[in-house]
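Commentary on secondary and tertiary structure
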Amino acid sequence: MSTLHTVNKSPFDRRALESCLRLATKGSAVLLFEDGVYGAMKGTEKSAIVEKALGDVSIYVLGADMKARGVDTSKLIDGIKVVDYKGFVDLTVENDKVNAWL
Amino acid sequence: MSIEVNGKVFETDEEGYLANLSEWEPEVAEAMAKEDGTDLTDAHWEVINFLREYYDEYQIAPAVRVLTKAIGKKLGKEKGNSKYLYELFPYGPGKQACKYAGLPKPTGCV
Amino acid sequence: MSDIKKFMYINTKAPYGTIYAWESLEVVLIGAAFEQEVSMAFIGDGVYQIAKGQDTSDLGVKNFSPTYSALGDYDVNKIYVEKESLEARGLTLDDLLGLKYEDEDDDWAEKDSIRVVSSTELAEILEQQEVVFSF
């Protein structure tokens, strides 16, 4: 059973991203959107946790939410993939279930 | 509420401000002014155009104090005072001019 | 004139995810009409509010980041950003909007409104305020 995990809260505001990355099993997909996109940036206090998780899970970030917040692609942690709304839908279809972290 | 200009209907809020500012055209300003019994002169248009530019840059309609100061800087001291602006827009330069310009009621207008 | 109080608005939340950032900005602009001594602080995720390069066109919500540039017109020209909050997020002053104001007492010279301060300095500044609002 493959799972898509979604995180829409800032990693500095809540523990959602950390809980998600700790509990997501190998091969899962993680999508960061809304304020969750801040978790995809390199050079932050939370970057190391995300970089470490990239070995086990695929991490995606929603482009429209990055753009709204002034987060440029050049600021993303290497290995994170940018998706559009269609890509978001594809991820939900490709996976058997969705776990939306709050 | 709505206002009809040349057979075209524009939706407004309960105070007569245009609901969708992207729909604005100069004829709407003229029709709104007519309802208030005002004919728009070049002097009115100077202020209306200034407000539209201000909104375009900052995404807000300026408070009267800010408008007065900014008009003075851009169009000259003799225009940057409440007397001049109130003569043009007797219902209040903020409220009335913003309405004609298709902007929402000024932020900070109490 | 003797009734002028020191007002401080502390901003702690990222924009767009919640309504706090925009609500705070509106309150600041409305409050500025009362000619008080107003300053703002951006701490925690609040620093993201004044990040440059915001473009919400794909979201269909209003991009209110240009409005921060109007604060100078409203005589709100003391904008404090906590250094530790920037650093935790991998940001520097260069990542923020170039907010300016014109100094009336210095022949309208254009000056920077943003001051990056340490937690210790910010604590000191907060201590001097008479009214504090947190968003």
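Data block above holds the structure.
Now for a quick tour of the structure.

Calculation notes
Residues numbered from 1 in each chain as written. Chains lettered and ligands numbered in written order. Predicted model: local features only at pLDDT ≥ 70, side-chain atom pairs only at ≥ 80, totals over all residues. Heavy atoms only, no water. Helix = DSSP H or I, 4+ residues; strand = E, 2+ residues; numbered from the N terminus. Rg over C-alpha atoms; globule rule 2.2 N^0.38 Å. Pairing = 2+ DSSP bridges. Axes fitted to C-alpha atoms, helices over the stretch in contact; angles between N-to-C directions. Contact = heavy atoms within 4.5 Å. Buried area = accessible area lost by both parts, 1.4 Å probe. Salt bridge = Lys/Arg side-chain N within 4 Å of Asp/Glu carboxyl O. Polar contact = N/O pair within 3.5 Å; in protein donor to acceptor, adjacent residues only side chain to side chain. Core = buried A, V, L, I, M, F, W, Y, C linked by side-chain atoms within 4.5 Å. Buried < 20%, exposed > 50% of the residue type's maximum accessible area, 1.4 Å probe, protein only. Phe/Tyr/Trp six-rings, centres within 6.5 Å; stacked < 30°, edge-to-face > 60°. Lys NZ or Arg CZ within 6 Å of the ring centre and 35° of its normal. Parallel < 35°, antiparallel > 145°, perpendicular 65-115°, else oblique. Nonpolar A, V, L, I, M, F, W, Y, C, P; charged D, E, K, R; others polar. Right-handed = clockwise from strand over helix to strand, strands pointing away.

1. Here we look at the overall build of chain A
Helix and strand content of chain A: four helices and five strands. Counted from the first residue to the last, chain A has its helices and strands arranged as β-α-β-α-β-α-β-α-β. Here the C-alpha atoms of chain A give a radius of gyration of 12 Å, agreeing with the 13 Å that 2.2 N^0.38 yields for 102 residues. Principal-axis analysis of the C-alpha atoms places the extent of chain A at approximately 35 × 25 × 25 Å.

2. Some remarks on the sheet that holds strand β1 (residues 3–7) of chain A
All names here are of chain A. Pairing is parallel across the open sheet formed by five strands, whose spatial order is β4-β3-β2-β1-β5. In the strand order of this sheet, the two ends are held by β4 (81–83) and β5 (97–101), each with one partner. Direction aside, the axes of adjacent strands within the sheet are offset by 25° on average. One ladder, built from four bridges, connects β1 with strand β2 (residues 29–32); its direction is parallel. Looking at β2, one finds that V7 is bridged to L32.

3. Description of the interface of chain C and chain A
Contacts between the two partners involve 22 residues from chain C, matched on the other side by 17 residues from chain A. When chain C packs against chain A, the two sides together hide about 1500 Å² of surface, and 52% of this comes from carbon and sulfur. On the chain C side of the interface with chain A, the three residues burying the most area are Y48, L59 and A88 of chain C, jointly 30% of the side's total. Inspection of the chain C/chain A interface yields three salt bridges. For the salt bridge of K75 of chain A with D95 of chain C, the shortest nitrogen-to-oxygen distance reads 3.8 Å. Seen at the junction of chain C and chain A, the total is six residue pairs in polar contact (both at pLDDT 80 or more).

4. Quick notes on the nonpolar core
Within the largest apolar cluster, 91 residues are counted, with the highest numbers of intra-cluster contacts made by I50, Y68, L71 and Y74 of chain C. Broken down by element, the residue count for this core peaks at eight residues, all from helix α2 (residues 42–58) of chain B. Each residue touching L71 of chain C, except ones within four places of it in the same chain, is listed here: L25, V28, L29, M40, V76 and I79 of chain C. If you look at the next biggest cluster of nonpolar residues, it comprises nine residues, including A29, Y60, F88 and L91 of chain A.

5. Brief notes about the environment of E82 of chain C
Residues and elements named next belong to chain C. Inspection of the secondary structure assignment puts E82 in strand β3 (residues 78–82). We classify E82 as buried; its relative accessible area is 14%. Put simply, E82 and V116 are 34 residues apart on the chain and 5.9 Å apart in space, counted from C-alpha to C-alpha. Setting aside its immediate chain neighbours within four residues, E82 contacts F42, I43, G44, V117, S119 and L122. Within the structure, E82 has its side chain in polar contact with the side chain of S119 (distance 2.7 Å).

6. Description of the packing of aromatic side chains
In this structure the tally under the stated criterion is 13 aromatic pairs over all chains. Between the aromatic rings of F12 of chain A and Y48 of chain C, the centroid separation amounts to 6.5 Å while the plane-to-plane angle is 50°, which identifies the pairing as tilted. Here the residue F12 of chain A occupies a position in the loop between β1 and α1 (16–23), and Y48 of chain C occupies one in the loop between β2 (37–42) and β3, the pair thus bridging two chains. Of the two residues, F12 of chain A and Y48 of chain C, both sit in the buried class. Taken together, a centroid distance of 6.2 Å and an interplanar angle of 40° make the contact between F50 of chain B and Y54 of chain B tilted. Within this pair, F50 of chain B and its partner Y54 of chain B are both found in helix α2, separated by four residues, close to a single helical turn. For the pair shown, F50 of chain B and Y54 of chain B are each scored as buried. Through pairs of rings, three or more aromatic residues link up here, namely Y16, W22, F42, F64 and Y68 of chain C. We note K13 of chain C situated over the ring of Y20 of chain C; from NZ or CZ to the ring centre the distance is 5.2 Å.

7. Some points on the packing of α2 of chain B against helix α5 (residues 93–100) of chain B
Residue and element names in this part refer to chain B. The interhelical angle for the contact between α2 and α5, taken along N-to-C directions, is 80°, at an axis separation of 9 Å. What the angle tells us is that α2 and α5 run roughly perpendicular. Residues V47, I48 and L51 of α2 form the contact with α5, whose own contacting residues are A97, C98 and Y100. Along the lines of polarity and charge, the residues of the contact of α2 with α5 split into six nonpolar, no polar and no charged.

8. Observations regarding the pairing of β2 of chain A
Residues and elements named next belong to chain A. In β2, alternate side chains face the same way, and those of A29 and L31 on one face and V30 and L32 on the other are all buried. Bridge count between β2 and strand β3 (residues 58–62): four bridges; the pairing is parallel. Across the sheet, L32 pairs through a bridge with V61, a residue of β3. Of the crossover connections in this fold, the one passing from β2 over helix α2 (residues 47–53) to the parallel β3 is right-handed.

9. Brief notes about the side chain of H5 of chain A
With respect to the secondary-structure elements, H5 of chain A resides in strand β1. Dropping the residues within four chain positions of it, H5 of chain A is found in contact with C20, A24, S28, A29, V30, L31, N99 and W101 of chain A.

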